[in-house]
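What the coordinates show
Each chain is listed here by its residues.
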Amino acid sequence: MRAVVITRPGGPDVLEMRDVPRPDPGPGEIRVRVHATAVNRADLLQRVGGYPAPAGVPREIPGLEYAGVVDTTGAGTRRWSPGDRVMGLVGGGSYAEYVVTHEDEAIAIPANLSFEEAAAVPEAFITAHDALYTQMRLAEGETLLVHAVGSGVGTAALQLAKARGARVIGTQRSAWKLERAEALGLDVAIETGSDVDADSFVNTVMEATDGTGVHGVLDLIGGPWLAANVRVLRTRGRILLVGLVAGSTCELDLRRVLQKRATIIGTVLRARPLTEKIEVARRFADDVVPLLGDGRVRPVMDAVLPLEHAAQAHTMVQDNRNFGKVVLRC
């Protein structure tokens, strides 16, 4: 089969199309003919050698999500049959014509979505759903702050929060991304610029909330923003730390954490055991697939490129030129 291979750690130019062995499904697994996948920042980190694939996953083939058709099934499978349209997350290897996954991790593609649209769903929407609905327990009437609201996870979180009946404040360094997020229902847009101005940011959020602060923060960037997030929290507010684009360290006044009785939760999906990944997938199928099916939420795609243009797609994401997802058609 054809696949995009990381030939050595480095820039986008190290990605090459090669012929590699086609994987075979084991017991309880299915093989999917991939029609589309999408680019994530984890792929960029893996490409430069900063985020190695977990055990049992192709080390040299990036890709965390897929949309396609069940090609064949392993022994003991019951959930799917050849020809079924499925999407989902994998530990890696989806920049390829075929991928193998556990049958219970696969999710049915709603009839109204194309393969390209479906490929823009799993990483963004499953991450946002698990963070907001399961871990944060975001409730109707609450106010949520989403950093990097124009990213793939950001656009998904915005829509899921609005579907839950929450008010959403979003940050972004680019004004044009905030304008597009407002078209998705963003209530308050905050342009942050390239440098962290914590006092200005805190003042803007507090003004937008009549001085009360937010119930929850979905932080996709990390670094020095964590301290500012604590400052804008209400008492017993929750912070879900998902990404570290702005860095992995910060200076934090722990007295504020204590005073606000704040909850700070760090979360990842890729490193979780299979049983937890299955639970996440099944909850997502119950909660979000119906919303996708009737159009209450929708995948946001910036571009669709052929798989052989993976280097170009990586450059787009690396340079923050995308609003929503960059999809690769296989």
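Residues numbered from 1 in each chain as written. Predicted model: local features only at pLDDT ≥ 70, side-chain atom pairs only at ≥ 80, totals over all residues. Heavy atoms only, no water.

A few words on the packing of helix α3 (residues 122-135) against helix α9 (residues 274-287). Orientation of α3 relative to α9, taken along the N-to-C sense of each, is 85°, at an axis distance of 10 Å. Considering their axes alone, α3 and α9 lie roughly perpendicular with respect to each other. Of α9, the residues touching α3 (which contributes Phe125, Ile126, His129, Asp130, Tyr133 and Thr134) are Val280, Arg283, Phe284 and Asp287. Looking at the contact of α3 with α9 residue by residue, the class counts come to five nonpolar, two polar and three charged. (Axes fitted to C-alpha atoms, helices over the stretch in contact; angles between N-to-C directions. Helix = DSSP H or I, 4+ residues; strand = E, 2+ residues; numbered from the N terminus. Parallel < 35°, antiparallel > 145°, perpendicular 65-115°, else oblique. Contact = heavy atoms within 4.5 Å. Nonpolar A, V, L, I, M, F, W, Y, C, P; charged D, E, K, R; others polar.)

With that settled, consider the layout of surface pockets. Each pocket or cavity is described by its volume, and for the second largest pocket that value is around 550 Å³. Lining the second largest pocket are 29 residues, and of these Gly56, Val57, Val90, Gly91 and Val100 sit closest to its centre. When residues of the lining of the second largest pocket are traced back to their parent elements, those giving at least two are β6 (98-102) and α9. Residues that form the lining of the second largest pocket fall into these classes: 17 nonpolar, six polar and six charged. (1 Å grid on protein atoms, 1.4 Å probe; cavity = no way out; pocket = protein on both sides within 12 Å on 5 of 7 lines; lining within 4 Å. Points joined across faces, edges and corners; volume = space filled by probe spheres on them.)

With parallel pairing, six strands are arranged side by side in an open sheet as β10-β9-β8-β11-β12-β13. Edge positions in the sheet fall to β10 (188-191) and β13 (263-266), since each has one partner strand and no second. Direction aside, the axes of adjacent strands within the sheet are offset by 15° on average. Two elements, strand β8 (residues 143-146) and strand β11 (residues 214-219), share three bridges in a ladder whose sense is parallel. For Val146, the partnering residue across the bridge sits in β11 and is Leu218. (Pairing = 2+ DSSP bridges.)

Let us look at the pairing of strand β1 (residues 2-6). Burial within β1 is extensive, with four of its five residues counted as buried. Here β1 pairs with strand β2 (residues 15-19) via five bridges, running antiparallel. Considered in β2, the bridge of Val4 is made with Met17. (Buried < 20%, exposed > 50% of the residue type's maximum accessible area, 1.4 Å probe, protein only.)

The phi angle at Arg261 is positive, at roughly 50°, despite the residue not being glycine. Of note, Asn320 is a non-glycine position whose phi angle comes to about 60°, a positive value. Inspection of the secondary structure assignment puts Asn320 in the loop between α11 (310-318) and β15 (325-329). Looking at Asn320, the relative accessible area reads 30%, which means it is partly exposed.

On to the pairing of β6, then. Most of β6 is tucked away, with four of its five residues classed as buried. In this structure, strand β3 (residues 29-38) lies alongside β6, joined through five bridges in antiparallel fashion. In the sheet register, Val32 faces β6, and the bridge partner there is Val99.

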